[in-house]
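Listed here are the chains, written in short residue letters.
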Amino acid sequence: MKVSARNQFKGTVSEVRPGSVYSEVLVRLKGGATLVAMITKESVASLAIAPGKEVIAMIKAPHVILVTDFGGYRISARNQLEGKVVQVKPGAINSEVDIELSGGEKVAATVTNESVESLGLRQGQTATAIFKAGSVILAVTE
Amino acid sequence: MKVSARNQFKGTVSEVRPGSVYSEVLVRLKGGATLVAMITKESVASLAIAPGKEVIAMIKAPHVILVTDFGGYRISARNQLEGKVVQVKPGAINSEVDIELSGGEKVAATVTNESVESLGLRQGQTATAIFKAGSVILAVTE
Amino acid sequence: MKVSARNQFKGTVSEVRPGSVYSEVLVRLKGGATLVAMITKESVASLAIAPGKEVIAMIKAPHVILVTDFGGYRISARNQLEGKVVQVKPGAINSEVDIELSGGEKVAATVTNESVESLGLRQGQTATAIFKAGSVILAVTE
């Protein structure tokens with residue numbers, strides 16, 4: 001599959017919690033982390049998404065927020081993956097920042113250059129990649 | 001109307017499926033394709049969105065993912081519009097890629113330069129523009 | 001808290017309307033405006049989000065759409081904040097546009113350079129920053 005989404009994670013569906021129009025789908029990644037995706041009930045049905053199904057979870061880099069210091073705060077986004085900055089690629093306004101998780105997966109985030117400065121983002125630093133369940137798209141075979 | 005969203009499609013509401021807080025709104029575009037938008041029930045009521053209503057569906061370019069090869073995969077996002085690449089505008093980190101649908105509408109996607117390379121995006125190539133129903137905003141007159 | 005989201009607004013929860021998987025959370029900002037956030041029921045419970053709770057509402061700049069002329073249209077997005085352009089920072093493809101609300105808060109939007117031109121965005125101009133409730137993330141202490 002050739003898809004422009006910078007973040008693509010292989011995993012297995014561990015749970016599906018149906019709502020009225022959206023269902024909450026939990027995906028266990030190879031590296032051990034669990035992602036949460038909000039998928040319409042119709043897509044869950046048409047793609048036969050159910051526990052045990054292998055999926056690829058995709059998130060675009062502009063949807064990812066980075067946190068370097070929670071300062072006592074807790075955040076509502078369901079996906080919060082801690083890792084270490086392995087690369088910062090600067091552009092005119094935005095930079096792409098790559099985080100490596102302990103399980104080995106990499107997460108790319110597009111953040112403004114101002115945030116790179118104010119968060120002191122640089123190689124080796126610990127950072128948490130945060131994104132909403134509504135930002136996750138699932139792909140399945142078969 | 002002057003709005004910064006790069007993608008603006010005229011269409012007619014064909015169906016509204018209410019949920020507990022979100023309603024699913026189906027919009028038939030002039031060119032024949034159907035889009036799906038997730039709109040809060042409150043907005044559906046306050047904007048009087050109902051079958052037959054003319055609307056403009058808007059999607060920001062950074063919300064659009066491009067696929068050039070599904071490789072046997074199917075994707076959960078409700079909006080999947082196939083077309084041909086008509087332009088690639090490169091920036092420092094991201095490029096804007098314009099796709100023309102068979103119905104004549106154009107879809108703009110912001111993707112990383114790495115994706116432009118790895119997907120081999122260039123004029124004339126077939127690509128599918130993909131975005132979640134939750135990324136669509138509707139505008140109405142009256 | 002050090003977070004890369006360009007938009008961070010302090011406010012107080014005024015109402016929580018539960019749905020089946022999402023709850024709608026209304027947040028009154030210091031400057032007087034009210035924001036709407038869609039948060040999963042699970043996060044509302046785990047973060048103890050309830051009326052009176054102090055929160056920080058965060059929205060990434062690429063999620064914000066700017067409108068300079070509604071031309072008789074009304075828009076489905078639940079968050080619509082009018083202000084004046086105070087700065088336009090141009091990049092290769094996108095610009096960051098900062099809007100100052102009457103209550104003093106600033107909203108940053110990432111829009112394409114084409115939109116900056118077609119909307120005539122420049123310092124002093126009135127513009128409305130628009131984003132969906134699903135784009136808002138909440139942070140709480142305690």
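The preceding data block contains the structure.
Residues numbered from 1 in each chain as written. Chains lettered and ligands numbered in written order. Predicted model: local features only at pLDDT ≥ 70, side-chain atom pairs only at ≥ 80, totals over all residues. Heavy atoms only, no water.

### Quick look at the overall build of chain A
Next up, step 1: Along chain A, the regular secondary structure elements total 2 helices and 12 strands.
Next up, step 2: Its C-alpha atoms give chain A a radius of gyration of 16 Å, within 12% of the compact-globule value 14 Å for 142 residues.
Next up, step 3: C-alpha extents for chain A along the principal axes are approximately 45 × 35 × 25 Å.
Next up, step 4: Here the analysis covers contacts within chain A between residues at least 6 apart in sequence; of these, 61% occur between residues at least 24 apart.
Next up, step 5: Per element, the accessible surface of chain A, about 5300 Å² overall, is 47% carbon and sulfur. (Helix = DSSP H or I, 4+ residues; strand = E, 2+ residues; numbered from the N terminus. Rg over C-alpha atoms; globule rule 2.2 N^0.38 Å. Contact = heavy atoms within 4.5 Å. Areas by Shrake-Rupley, 256 points an atom, 1.4 Å probe, with all protein chains shown as cover.)

### Examining the side chain of Arg78(A)
Next up, step 1: Following the sequence through the fold, Arg78(A) ends up in the loop between strand S7 (74-75) and strand S8 (79-90).
Next up, step 2: Judged by relative accessible area, which is 17%, Arg78(A) ranks as buried.
Next up, step 3: Within the structure, the side chain of Arg78(A) is placed 3.4 Å from the side chain of Glu42(C), a separation counted as a polar contact.
Next up, step 4: Residues in contact with Arg78(A), not counting those within four places in the same chain, are Arg17(A), Glu24(A), Val36(A), Phe131(A), Ala133(A), Thr40(C), Glu42(C) and Ser43(C). (Buried < 20%, exposed > 50% of the residue type's maximum accessible area, 1.4 Å probe, protein only. Polar contact = N/O pair within 3.5 Å; in protein donor to acceptor, adjacent residues only side chain to side chain.)

### Re the sheet that holds strand S2 (residues 7-18) of chain C
Next up, step 1: As summarised here, the arrangement of the 6 strands in space is S7(A)-S12(C)-S5(C)-S2(C)-S3(C)-S4(C), forming an open sheet in which the pairing is antiparallel. Edge strands, defined here as strands with exactly one partner in the open sheet, are S7 of chain A together with strand S4 (34-40) of chain C.
Next up, step 2: Note that S2(C) and strand S5 (residues 54-59) of chain C share 6 bridges and pair antiparallel. Among the inter-strand pairings, Thr12(C) is bridged to a residue of S5(C), identified as Glu54(C). (Pairing = 2+ DSSP bridges.)

### Points about the relation of the copies chain C and chain A
Next up, step 1: For these two chains of identical sequence, chain C goes onto chain A by a turn of 120° and a shift of 0.0 Å along the axis, with RMSD 0.1 Å. Viewed as a symmetry operation, the transformation between the two copies matches a three-fold axis. Closest to the rotation axis within chain C is the C-alpha of Ser20(C), separated from it by 3.5 Å. (Least-squares fit on C-alpha atoms with pLDDT ≥ 70 in both.)

### With respect to the interface of chain A and chain B
Next up, step 1: The interface of chain A with chain B comprises 39 residues on the first partner and 38 residues on the second.
Next up, step 2: At the boundary of chain A with chain B, total buried surface from both sides reaches about 3000 Å², with 57% on carbon and sulfur atoms.
Next up, step 3: Our count for the contact surface shared by chain A and chain B stands at 4 salt bridges.
Next up, step 4: In this structure, the salt-bridge partner of Glu114(B) is Arg6(A), at a minimum N-O distance of 3.4 Å.
Next up, step 5: On the surface where chain A and chain B come into contact, there are 21 residue pairs in polar contact (both at pLDDT 80 or more).
Next up, step 6: With 5 residues, the top contributor of residues to the side of chain A that touches chain B is strand S12 (residues 137-141) of chain A.
Next up, step 7: Split by residue class, the side of chain A that touches chain B holds 19 nonpolar, 13 polar and 7 charged. (Buried area = accessible area lost by both parts, 1.4 Å probe. Salt bridge = Lys/Arg side-chain N within 4 Å of Asp/Glu carboxyl O. Nonpolar A, V, L, I, M, F, W, Y, C, P; charged D, E, K, R; others polar.)

### Digging into unusual backbone geometry
All names here are of chain A.
Next up, step 1: Of note in this structure, Ala48 is not a glycine but carries a positive phi near 50°.
Next up, step 2: Along the chain, Ala48 turns up in the loop between helix H1 (41-46) and strand S5 (54-59).
Next up, step 3: We classify Ala48 as partly exposed; its relative accessible area is 43%.

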